[in-house]
Each structure stands twice: as structure tokens, then as C-alpha cells.
Amino acid sequence: MLTTTIVLITLFFIYKWSVSWIEYYNQLDQRFGMSIWRYSYDYQVIGKRDISILDDKEFVLLRRKRNRAVTFMYFIFFLSFIVFMSFMNQILIRIIN
């Protein structure tokens, strides 16, 4: 149970670190918005023309970096959920016994 607690605390700090990277990328360009949970779209949206690498190379490369940071943040979030379920399982086993 102590190991799971340490892993959860470590994952929390990694999660906060990944969120700070997303917020940093959001501040570099106003077109990103302020959401940390949403990917910037790399797909066609009806009625909007997507910016390609030929139009604005710096923005597209920055958008890809930000999307990788969002993917990493989601990975840490779901991994934390799995570890948290293990932690809850250990607590329930101690309560039952």
C-alpha cells in the first residue's frame, strides 16, 4: 500500500508537469485557446480550412508538439486511474480482513 501511495504521488507530480507544458504551449500562440483537455484539430472541420504545414510551418510543428503533450497527459491520467483503483482495492481488502 505504501508503494502504491508513492506511485500515485509521483504520477500526480508528472501529471502537473505535463499540464504545465500544455499551458506553456497554449501561451505561445493564441489560436490554441486555453483548454488543456482538447486536442487542436489536425482533421477537417466543416466550414473551416485547416492550416497546413505549407501555410504556417511554425504553428503546425508547435501544434504537433502540443498534441503530443496532451496525449502524454491523457496517458498519465488513465495510468493514475488504474493505480488508484489498485489503491482502493488494497484499502478494501484491509477493511474486509
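Let us look at the structure shown here. Note that this is a predicted model, so its numbers are computed, not measured. (Residues numbered from 1 in each chain as written. Predicted model: local features only at pLDDT ≥ 70, side-chain atom pairs only at ≥ 80, totals over all residues. Heavy atoms only, no water.)

Digging into helix α1 (residues 2–28)
1) Next: If you check α1, its first and last C-alpha atoms are 40 Å apart, about what 27 residues at 1.5 Å a residue would give, namely 39 Å.
2) Next: All of the buried residues along α1 are Thr4, Leu8, Leu11, Tyr15, Ser18, Val19, Ile22, Tyr25 and Asn26.
3) Next: Looking at the buried side of α1, the elements it contacts are α2 (57–96). (Helix = DSSP H or I, 4+ residues; strand = E, 2+ residues; numbered from the N terminus. Expected span 1.5 Å × (residues − 1). Buried < 20%, exposed > 50% of the residue type's maximum accessible area, 1.4 Å probe, protein only. Contact = heavy atoms within 4.5 Å.)

Notes on the side chain of Thr4
1) Next: When you line up the elements, Thr4 lands in helix α1.
2) Next: Residues within four places of Thr4 in sequence aside, it is in contact with Val83, Phe87 and Gln90.

Quick word on the packing of α1 against α2
1) Next: It is the contact of α1 with α2, at a shortest axis distance of 9 Å, that shows an interaxial angle of 160°. Viewed along their axes, α1 and α2 adopt a mutual orientation that is roughly antiparallel. Judged by the sense of rotation from one axis to the other, the crossing of α1 with α2 is left-handed.
2) Next: Grouping the amino acids of the contact of α1 with α2 by side-chain chemistry returns 21 nonpolar, 6 polar and 2 charged. (Axes fitted to C-alpha atoms, helices over the stretch in contact; angles between N-to-C directions. Parallel < 35°, antiparallel > 145°, perpendicular 65-115°, else oblique. Left-handed = near helix turned anticlockwise from the far one by under 90°. Nonpolar A, V, L, I, M, F, W, Y, C, P; charged D, E, K, R; others polar.)

The values reported here are purely geometric and, on their own, carry no functional implication.
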